[in-house]
Amino acid sequence: MNRTFTIMLVSLLFVCFQSQGQGTISGKVLEAGSDEPLIGANVRLTDSNLGTITAADGTFKIDNVADGKYEVVISYVGYKDRSLEVTMTGSDQDIGTISLKESLFLSDQVVISGTRMAEKLTESPATIGVITAKQIEQLPSFNPGELLARVKGVDYVRSGVVGTGVNIRGFNSNFNSKNLQVADGRLASLIATGLPLGPLNTQIKEDIERVEVILGPNSALYGPNAHNGLVHIISKDPRTSEGTTLAAGVGNQNVFSIRARHAQVINDKFSFKLTAEHTQGEEFNFADSVYIDRNADGIKEGYEEFELDNDFNFNRVEGALYFSPTAGSDLILSSGYSNSTYLAPTNVGRNQIKDWNIFFTHLRFTSNNWFAQVYYTSSKTDSTYAIDERTKQYYRGRDAGMTHAQASGPNSYASGAVFQDDSKRVNGEIQYNQAFGDLEMVTGIQYQQDMANSNNTYLLDDTDDLNVYQMGWYGQLQYKFAGGWKAVGAFRADNHEIYDFNFVPKLGLVKTMGNGSWRLTYGQGIAAPTILNMYGDLFSGLILGNAAGFTLSDGTRVEKQKVEKIQTFELGYKGQILPNRLFLDANAYYNISKDFLSPVTVVGVATERGDTPIDQVQSGYGIYGGLVATYINFGKVNTYGADFGINYYFTDNLSMDLNYSYFNYSVDENDLENDFNNDGEVNDLDILVNSPKNKMSLGLNYASDKWFGTIFMRWVQAYNYYSSYQIASETKPGWTYRGTPIVENARSTDTWNYGPLGGFVNVDIGLGYNVTDYMTVSGQVTNLFDSEVREFTASPFIGRLYSAEIKFNF
């Protein structure tokens, strides 16, 4: 264990046992209706730096309160705030029991992702969408990712029965690591590729409290790759969700899912939770075309993916132990494991994910002023492979005279189709927050060590781990002025072993008026090259990472890849237009992006990678002769757009959601720095915006004590999409992509062009019934009218999906 990590671990254990004082303002916070204690509710005295959180029985104490008048504000995520006036006159004050009602309206929601502190959604200096506990609970599917389609401003894509993902504000690709996924403050991404875990995650639906989605860069607080946005999954606390849940679901495509969760409070010090899931099914029937020249005449013919396996299965387990050493402090130890098999789209066809294992162990300490965490993540697979490359190698074997049995055995993996992974990551963080009257401060340091190991199957790692270190320091100041004004300033300073030092600031100004607020923000973000970008070694060295740069045969120098940068200016409003009826969330933004991280691209014949001769790096040098595809930086593009969302509550039971987003870009077509494909012309094939210009959704939601249901409609305007080998485009007369004319519903160079993505209206319906206090039955139909929906390349057309679920809560 290295020195920095040891210091952070010792510091974590030290702050865990710092002594806590006695309180002179006391009380108890309960949930209205059930009278259950609300654990971890935030209790603060305004205009002071005093506050605490509630203990396991809902009680709290605030010590050292001087004489005077105070406003006590009690807040809890998902509940309406309460405030009371207290006068201190030299004696202790017990303000009794305070009941918080569950929030029905978005303006009452409390979020934590915007500033790393609890705050009302309307007062956050960021555009945040929230998937609530009720939405998750009432979804009749094993896959909570489906709810991301209902978040304003998000480009939601579905790549099959299992695959769901998001992109935010343009520049999507089949290998997109620019949107950060976080789970309970822990990075939830693959170590070598930086991709969000997605289906590989270890959490089950029944243990998710809520999901917060930040639109736009948030690197100042969350680090590299919170570039386009952030998805933060927050799990349930066993002390506020005690009991046992059993859920079973079925659907077409032979889907079967069974899940279980148990949470128990042992005493006022200890509680725990355990979760488990098994889900299986079959992907839509679809075979991606693999184009191979078998006749040495330069004409490629299409073949179906070899030995395609459409079956998928997921197994997940998690557990967590909560310990409260003192009132207002928690020590939480959690761990999780998943094993996954499914099909995943990439820039080069599809990958057959086979028995991919994710494991983590996470130790957290929280108190009124301190937060600290250390965690370990591992990723392991021995038999995942690229279907495209395995198919090509199989036919190479047949053409060399092999029998089917010979060509389909170990030979079919011989050209680098197999991806093995045995990577690890260690993270640590210490954070301190304090309030000084109207000034609130947050500061922290983070440490990360990535230990990537592919067993030399897709990285330049030989037999040793690739160790990459980075350290970050972040801070934020927030000051509340008179008249409802609030100013926020944040920064992050990162030092990375490969791409050196970066400084990222963020500024915000919020004006609260009545039940709403205006905000004006400026922020920067960075997208860092992944370990794959830096040290990749795919298909016998045809694709090589660019951590050192290349020298080409004509003497041209290809510089090593550096971080992509973005600046964002945003104006927004959130609040109630009609009290407790109409909620509006709208924003407009302008982005300046430069030094894009490119998809893999052929740069030419190389003689050196860094200072190393290319024949010592490229294992397939005898085949490729130094021809290299890699990752570079290029260009500068301005993007702009607006997101508009309204929520209207006809009654406390019936509501409507309407979301609309607009996105566009501008680029200097005379600047050849923007000419990514080096054809002397700047156009869509260089910028790779890969996002619809317009999209809209409409939802109607009903919930009562017994019945609940939803009707959801989504429209996405058709748009062209280009990502390395992948293309989905309308016919472009006179244009070529990778040397082939762009013609809709025709073959491209390496794949079939089915035409633009989007261009559909999709309707989903769901209905559920609470049979008893313990039993719920529900069902949904996705793509009700079985429209032809294709949302991603290297993916099937999405047909109608049925699902039904029965759930027991004890």
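J.: Which parts of the structure should I look at to understand the overall build of the protein?
T.: When helices and strands are counted, the protein shows eight helices and 53 strands. Relative to a compact globule of 810 residues, whose C-alpha radius of gyration would be 28 Å, the protein shows 27 Å and is just as compact. If you line up the protein on its principal axes, its C-alpha atoms span 95 × 55 × 50 Å. Intrachain contacts of the protein at a sequence separation of at least 6 include 64% that bridge at least 24 residues. Looking at the protein as shown, the accessible area adds up to about 31600 Å², and 54% of this sits on carbon and sulfur atoms. A gap of 4 Å separates the mean positions of the 63 positive and 91 negative side-chain charges of the protein.

J.: Where do I start with the environment of Gly536 in this structure?
T.: On the secondary structure map, Gly536 appears in the loop between helix H6 (531-535) and strand S32 (537-538). For the pair formed by Gly536 and Asp293, sequence separation is 243 residues and the distance between their alpha carbons is 26 Å. Sequence-distant contacts of Gly536, defined by excluding residues within four places in its chain, comprise Tyr458, Leu459, Leu460, Ile531, Ile543, Leu544 and Gly545.

J.: Would you take a moment to explain empty space enclosed by the protein for this structure?
T.: If a probe the size of a water molecule is rolled over the atoms, the empty space left behind becomes visible. Within this structure, the stated rule accounts for 14 cavities of 30 Å³ or more. Of the voids in this model, the second largest cavity is the one considered here, and its volume is about 490 Å³. Around the second largest cavity, the lining is made up of 40 residues, and of these Leu187, Pro224, Asn427, Gln448 and Gln470 lie nearest the centre. Residue assignment for the lining of the second largest cavity shows that the elements contributing at least two residues are strand S13 (179-183), strand S14 (186-187), strand S25 (370-386), strand S26 (418-436), strand S27 (439-452), strand S28 (466-480), strand S29 (485-496) and H6.

J.: I tried to follow the sheet that holds strand S4 (residues 59-62) on my own but got confused; where do I start?
T.: Ordered in space as S4-S1-S7, the three strands form an open sheet in which the pairing is mixed. Only two strands of the sheet have a single neighbouring strand rather than two, namely S4 and strand S7 (93-100). Taken pair by pair, the neighbouring strands of this sheet meet at an average axis angle of 20°, ignoring direction. In this sheet, S4 lies alongside strand S1 (residues 25-31) in antiparallel orientation, the contact comprising four bridges. From the neighbouring strand, Lys28 faces S4, where its bridge partner is Thr59.

J.: For this particular structure, what's the right way to read the packing of aromatic side chains?
T.: Both the distance between ring centres and the angle between the ring planes are used here to describe each pair of aromatic rings. Within this structure, the stated rule accounts for 24 aromatic pairs. Ring geometry for Tyr385 versus Tyr413: centroids 5.5 Å apart, planes at 75°, classification edge-to-face. Note that Tyr385 is positioned in strand S25 and Tyr413 in the loop between helix H5 (404-408) and S26, a separation of 28 residues in sequence. For Tyr413, a relative accessible area of 28% corresponds to the partly exposed category. The rings of Phe171, Phe596, Phe634 and Phe676 are connected pair by pair, giving a single aromatic cluster. Across the ring face of Tyr589, the terminal group of Arg169 is positioned such that the distance to the ring centre comes to 3.8 Å.

J.: When you look at the sheet that holds strand S10 (residues 127-131) in this model, what are you seeing that I'm missing?
T.: Where strands meet in a sheet, backbone hydrogen bonds hold them as pairs that are either parallel or antiparallel. Spatial strand order, S10-S15-S16-S13-S14: five strands in an open sheet with mixed pairing. Each edge of the sheet is formed by a strand with only one pairing partner; in this case those strands are S10 and S14. As defined by bridge partners, S13 adjoins S14 across two bridges and the pair is classed as antiparallel. Paired with Ala183 across the strands is Arg186, a residue of S14.

J.: Got a minute to help me understand unusual backbone geometry in this structure?
T.: The residue Asn456 is not glycine, and still its phi comes out positive at about 60°. Mapped onto the elements of the fold, Asn456 is located in the loop between S27 and S28. Judged by relative accessible area, which is 38%, Asn456 ranks as partly exposed. Positioned with a positive phi, Asn580 is a non-glycine residue whose angle comes to about 60°.

J.: How should I be thinking about the nonpolar core in this particular structure?
T.: In a soluble, globular protein the nonpolar side chains are often hidden away together inside. In this structure, Leu190, Leu200, Phe312 and Tyr342 are the most contacted members of the largest nonpolar core, which totals 29 residues. If you list the elements that add at least two residues to this core, you get strand S22 (311-323), strand S23 (330-345) and strand S24 (350-366). It is S24 that provides the largest number of residues to this core, a total of three residues. In contact with Leu190, not counting residues within four places along its chain, are Leu195, Leu197, Leu200, Trp356, Ile358, Ser379 and Arg425. Counting 27 residues, the second-largest nonpolar core is a separate cluster that includes Tyr589, Ile614, Ile632 and Tyr737.

J.: Just checking my understanding: could you explain a nonpolar patch on the surface for this structure?
T.: Taken together, the side chains of Tyr479, Phe481, Trp485, Leu509, Met513, Trp518, Leu520 and Leu571 make up a nonpolar region of the molecular surface, amounting to roughly 770 Å² of accessible area. Listing elements by their share of the nonpolar patch, those giving two or more residues are strand S30 (500-513) and strand S31 (516-527). With respect to the helices, strands and loops of the structure, Tyr479 is situated in strand S28.

J.: Got a minute to help me understand the side chain of Thr782 in this structure?
T.: With respect to the helices and strands, Thr782 occurs in strand S52 (residues 775-782). Ignoring anything within four residues of it in the chain, the contact list for Thr782 reads Glu146, Arg158, Val763, Asp764, Gly799, Arg800 and Leu801.

J.: So what exactly am I meant to see when it comes to the pattern of salt bridges here?
T.: Side chains that differ in charge, positive against negative, can pair when their charged atoms come close. This structure, assessed with the given rule, holds 32 salt bridges. A salt bridge links Asp207 to Lys273; its shortest N-O distance comes to 3.1 Å. Of this pair, Asp207 sits in the loop between S14 and strand S15 (208-215) while Lys273 sits in strand S19 (residues 270-282), and the two are 66 residues apart along the sequence. We note a salt bridge from Asp494 to Arg492, for which the minimum N-O separation is 2.6 Å. As far as burial versus exposure is concerned, Asp494 and Arg492 are alike and both buried. Taken together, the salt bridges that share partners define one network made up of Arg169, Arg519, Glu570 and Asp643.

J.: Would you explain a negative patch on the surface in this entry?
T.: Residues Asp668, Glu669, Asp679 and Glu681 make up a contiguous surface patch of negative charge. Structurally, Glu681 can be placed in the loop between strand S42 (654-666) and helix H8 (684-687). Owing to a relative accessible area of 43%, Glu681 belongs among the partly exposed residues under this scheme.

J.: What is the right way to read the confidence of the model for the protein from this model?
T.: One rule of thumb: low pLDDT means the predicted coordinates there are not for detailed reading. Mean pLDDT over the protein stands at 90; residues scoring 70 or higher make up 94%. In the predicted structure, residues 12-21 sits below a pLDDT of 50 and forms 14 contacts with residues beyond four places in sequence or in another chain.

J.: Which parts of the structure should I look at to understand the environment of Asn670?
T.: Its location among the elements puts Asn670 in the loop between S42 and H8. Between the C-alpha atoms of Asn670 and Ile258, which are 412 residues apart in sequence, the distance is 57 Å.

The rules behind these values
- Residues numbered from 1 in each chain as written.
- Predicted model: local features only at pLDDT ≥ 70, side-chain atom pairs only at ≥ 80, totals over all residues.
- Heavy atoms only, no water.
- Helix = DSSP H or I, 4+ residues; strand = E, 2+ residues; numbered from the N terminus.
- Rg over C-alpha atoms; globule rule 2.2 N^0.38 Å.
- Contact = heavy atoms within 4.5 Å.
- Areas by Shrake-Rupley, 256 points an atom, 1.4 Å probe, with all protein chains shown as cover.
- Lys, Arg positive; Asp, Glu negative; His and termini not counted.
- Charge placed at Lys NZ, Arg CZ, Asp CG, Glu CD.
- 1 Å grid on protein atoms, 1.4 Å probe; cavity = no way out; pocket = protein on both sides within 12 Å on 5 of 7 lines; lining within 4 Å.
- Points joined across faces, edges and corners; volume = space filled by probe spheres on them.
- Pairing = 2+ DSSP bridges.
- Axes fitted to C-alpha atoms, helices over the stretch in contact; angles between N-to-C directions.
- Phe/Tyr/Trp six-rings, centres within 6.5 Å; stacked < 30°, edge-to-face > 60°.
- Buried < 20%, exposed > 50% of the residue type's maximum accessible area, 1.4 Å probe, protein only.
- Lys NZ or Arg CZ within 6 Å of the ring centre and 35° of its normal.
- Core = buried A, V, L, I, M, F, W, Y, C linked by side-chain atoms within 4.5 Å.
- Patch = residues over 30% accessible without salt bridge, like charges linked within 9 Å, V, L, I, M, F, W, Y side chains within 5 Å.
- Salt bridge = Lys/Arg side-chain N within 4 Å of Asp/Glu carboxyl O.
- pLDDT = per-residue confidence, 0-100.

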